[in-house]
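# What the coordinates show
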Amino acid sequence: MATLLSVNVGMPRDVSWQGRTVHTGAWKSPVHGPRMVRRLNVEGDGQGDLAGHGGEIRAVLVYQLQSYQYWQKQLGRDDLTFGIFGENFTVEGLPDDEVCIGDRYRIGEAEFEVTQPRVTCYRVGMRLDEPAMASLLVAHHRPGFYLRVITEGRVQAGDEITLTRKGPEELSVADTDALLYLPDRDPTTLRKALNIPALSPGWQQSFRELAAAQQPRQEPGWPGERAATQQPREEPGWPGFKTMRVGRIVPETPTVSSIYLDSTDGTPLPEARPGQYLSLRLVVGDTAPAVRSYSLSSVPTAGTYRISVKHENHGKVSSYIHATLCPGDLVEVASPRGTFVLEEGTRPIVLISAGIGATPVLAMLHQLAATRDPRPVWWIHTAHDVAHHAFADEAHTLLSQLPNAHEHIYYTAADEPGPHPEPHIAQGRPTAQSLMALGIPTDADAYLCGPTTFMDDLGGFLTEHGLRPERIHTEQFSALPAINPGVTPTAAIRPHQPPGPTGTGPLITFARSGITTPWSPAHASLLELAEACDIPTRWSCRTGVCHTCITHLVAGDITYTTPPLERPEPGTVLVCCSRPTTEVVLDL
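Description of the structure in this document.

Analysis parameters
- Residues numbered from 1 in each chain as written.
- Predicted model: local features only at pLDDT ≥ 70, side-chain atom pairs only at ≥ 80, totals over all residues.
- Heavy atoms only, no water.
- Helix = DSSP H or I, 4+ residues; strand = E, 2+ residues; numbered from the N terminus.
- Rg over C-alpha atoms; globule rule 2.2 N^0.38 Å.
- Buried < 20%, exposed > 50% of the residue type's maximum accessible area, 1.4 Å probe, protein only.
- Contact = heavy atoms within 4.5 Å.
- Polar contact = N/O pair within 3.5 Å; in protein donor to acceptor, adjacent residues only side chain to side chain.
- Pairing = 2+ DSSP bridges.
- Axes fitted to C-alpha atoms, helices over the stretch in contact; angles between N-to-C directions.
- Parallel < 35°, antiparallel > 145°, perpendicular 65-115°, else oblique.
- Left-handed = near helix turned anticlockwise from the far one by under 90°.
- Nonpolar A, V, L, I, M, F, W, Y, C, P; charged D, E, K, R; others polar.
- Phe/Tyr/Trp six-rings, centres within 6.5 Å; stacked < 30°, edge-to-face > 60°.
- Lys NZ or Arg CZ within 6 Å of the ring centre and 35° of its normal.
- Core = buried A, V, L, I, M, F, W, Y, C linked by side-chain atoms within 4.5 Å.
- Lys, Arg positive; Asp, Glu negative; His and termini not counted.
- Salt bridge = Lys/Arg side-chain N within 4 Å of Asp/Glu carboxyl O.

Turning to the overall build of the protein chain, a few remarks are in order. Scanning the protein chain from N- to C-terminus turns up twelve helices and 31 strands. For the protein chain, whose C-alpha radius of gyration is 27 Å, the value lies close to the compact-globule estimate of 25 Å for 588 residues. Along the first, second and third principal axes, the C-alpha set of the protein chain runs to 80 × 60 × 45 Å. Taken across its 588 residues, the protein chain has 55% of its residues classed as buried.

Take Gln204: it is sitting in helix H6 (residues 201–211). Excluding residues that lie within four positions of it along the chain, Gln204 makes contacts with Leu194, Ile196, Pro197 and Leu199.

The next thing to look at is the environment of Asp97. Mapped onto the fold, Asp97 is located in the loop between strand E7 (89–92) and strand E8 (104–107). Separated by 45 residues in the primary sequence, Asp97 and Arg142 have C-alpha atoms spaced 8.3 Å apart.

Quick look at the environment of Arg123 now. Summarising the element assignment, Arg123 is placed in helix H2 (residues 122–128). Distance from Arg123 to Pro485, taken between C-alpha atoms, is 9.4 Å for residues 362 residues apart in sequence. Within the local environment of Arg123, its side chain forms a polar contact with the side chain of Asp49, the two groups lying 3.2 Å apart.

Where strand E13 (residues 241–251) lies against strand E18 (residues 330–334), five bridges are found, and the strand directions are antiparallel. For Lys242, the partnering residue across the bridge sits in E18 and is Val333. In terms of strand pairing, E13 meets strand E14 (residues 256–263) through seven bridges, oriented antiparallel. From the neighbouring strand, Pro251 faces E14, where its bridge partner is Ser257. Where E13 folds back onto E14 in an antiparallel hairpin, the turn is made up of four residues.

In the contact formed by helix H8 (residues 358–370) and helix H9 (residues 392–400), the axes pass within 9 Å of each other and the chain directions differ by 30°. By the angle between their directions, the pair H8 and H9 is classed as roughly parallel. Here H8 runs over H9; the crossing is left-handed. The segment H8 lies against H9, with Leu362, Leu365, His366 and Ala369 engaging Glu394, Ala395, Leu398 and Leu399. Residue composition of the contact of H8 with H9, grouped by class: six nonpolar, one polar and one charged.

The next subject is the packing of aromatic side chains. Here a ring pair, both rings aromatic, is described through the centre-centre distance and the interplanar angle of the planes. For the structure shown, the criterion picks out twelve aromatic pairs. When the centroid spacing of 5.0 Å and the interplanar angle of 40° are considered together, the rings of Trp17 and Tyr122 count as tilted. Taken together, the residues Trp17 in strand E2 (residues 13–17) and Tyr122 in helix H2 connect sequence positions 105 residues apart. Relative to Phe85, the ring of Tyr68 lies with its centre 4.9 Å away and its plane at 80°, an arrangement referred to as edge-to-face. With Tyr68 in helix H1 (residues 65–75) and Phe85 in the loop between H1 and E7, this pair connects stretches of sequence that are 17 residues apart. Assessed through its relative accessible area of 1%, Phe85 is described here as buried. Taken together, the ring pairs connect Tyr63, Tyr68, Phe82 and Phe85 into an aromatic cluster. The cationic tip of Arg118 hangs over the ring face of Tyr63; the distance from NZ or CZ to the ring centre is 5.2 Å. Directly above the ring of Tyr70 sits Arg142, whose terminal nitrogen or CZ lies 4.1 Å from the centroid.

In terms of nonpolar packing, the biggest core is built from 45 residues, with Val60, Phe89, Phe112, Val155 and Phe207 touching the most fellow members. The element contributing the most residues to this core is helix H4 (residues 173–181), with five residues. Contact partners of Val155, with chain neighbours within four places excluded, come to Leu4, Val7, Gly33, Pro34, Arg35, Val37, Phe89, Ile107, Ala110 and Phe112. Counting 32 residues, the second largest nonpolar core, distinct from the first, contains Trp17, Ala26, Leu574 and Val575.

Let us now look at the side chain of Glu407. Position of Glu407 relative to the elements: it lies in strand E21 (residues 405–411). Lacking a salt bridge, the buried Glu407 has Arg306 as its closest oppositely charged neighbour, with an N-O distance of 14 Å. Polar side-chain contacts of Glu407 include one of 2.6 Å to the side chain of His396. If sequence neighbours within four positions are ignored, Glu407 has contacts with Trp379, His396, Leu399 and His424.

As a further point, take the pairing of E8. Across four bridges, E8 lies against strand E9 (residues 110–117) in antiparallel orientation. Pairing of Ile107 across the sheet is with Ala110, part of E9. Linkage of E8 to E9, two consecutive antiparallel strands, is achieved through a turn of two residues, within which Gly108 is found at a positive phi near 60°. Relative to strand E12 (residues 160–165), E8 runs antiparallel, the two being bridged by four bridges.

Here we take up the pattern of salt bridges. Where charged atoms from two side chains of opposite charge come close, those side chains can pair. In this structure the tally under the stated criterion is 22 salt bridges. The partner of Arg468 in a salt bridge is Glu470, and the shortest N-O contact between them spans 2.5 Å. Of the residues examined, Arg468 reaches a relative accessible area of 43% and is grouped as partly exposed. Through salt bridges with shared partners, one network takes in Arg104, Glu113, Arg148 and Arg165.

Any link to function would need more than the numbers given here.
Right, here's the structure in full:
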């Protein structure tokens, strides 16, 4: 008979960790006597990060005495007191390889349902002072599991645990955990997992993606992200950088020029998907080569790519491109990449941009016009004024080739003359009211590119209008938003060289952040080097399990300090557990 050995609770606290403050409820201690268990948690308990822990689906975390005994031997520890694994219930029995998702148990007055394995989280490693613990829990098939409260009631140590209903499909917690995090998945087992109503929505979504032969975009249980904030996962057209020749340079506006890049040997270039970008490596001055990424602004021909670059007043690389780069010059270019791409389908399309953000959606418009796509298309662009409206004639011509196109332009300059004779041009900025008046269908796919605040505002307007969030795709030229669960936010700091002595290892370039710095073994991983440079980073387990830190490896080679339980796809790297073996360029 299984038994509840200990009820453990703890309210969230701020814990100092690696120079940061983590708000966490992982510190839990046993309590004596009965405790009320309600829908969201045990009386006196709380979670610091509700995105990954807690809530109705993850109200109670369970860990087993047998696993405590196992880890005492494996880790050589004699100080593992109940609650140290962050669990609310320490139990005798209920092993992970026997308990199944959907099983129901009565404990004391309450009844519970098993919903998912424990989320892989670095904080269990913090609590145990074992940094690799998140990976070990998965690798050794001892994750523990979460319960949903079916019937509220009091529980206490010593209560018997009685199985009241067996879950459908009889898929164990250990097998469910392995199905997500370990390689060689069985398609039949995936289908079984998706047949279990009790399985938490986050895990269901991950298994749906896996069933469609895709790796999950992010750790299940963390907040949903727009597609554009996810790191791309596709095999590059060529490894690293190849030399290309500048064919011609065409001014588009006083501040924007298009650069046509040709293959040097006349061989056909890999086809790029509309919306993808190129990374260029340029030697500017006496410093290390600089890497910058620019969206392709048209559908590439067999031997030519086109990018369009805005001259930024203090931009070292954009100034070089506008003032120094000439036709005939050779530049190093990485293969097209990125997942902000035009999807096939039948739903209406909305292309929204501001300023130089027009480039990726213009490539999409080229593709739509080239195929005379029958889908309704809305082209909505914001520019400062007529003089700085890049690609105005080009976009207008492309739209005229579509059977069902709608063009709407906004000029924001206060001195721009108005009203405009063309009915599709308006003064000011797009608003929720003006967007609603455009007749955009609520089942449309929207693609947005521009400044972050612009995309946030317009994305919000579209959501209010009725578009589903997963159909609103955004592209961001700068560093992606950080995912650092539980870390207390601090004021943003511009990325910089790492403090301390300059490294003597190979050069590491963080392309999105514009930082190139020599590697130093003082950093345990590429992730730690990025953090030392205050580059926005994305991670959860920090041990190569969850793949939240997956990043495009634009060029170079790495080695894993802790072998990941499942290797990422070619052309990507898990920065949380890798070091460079050569010069490396990361899309970070």
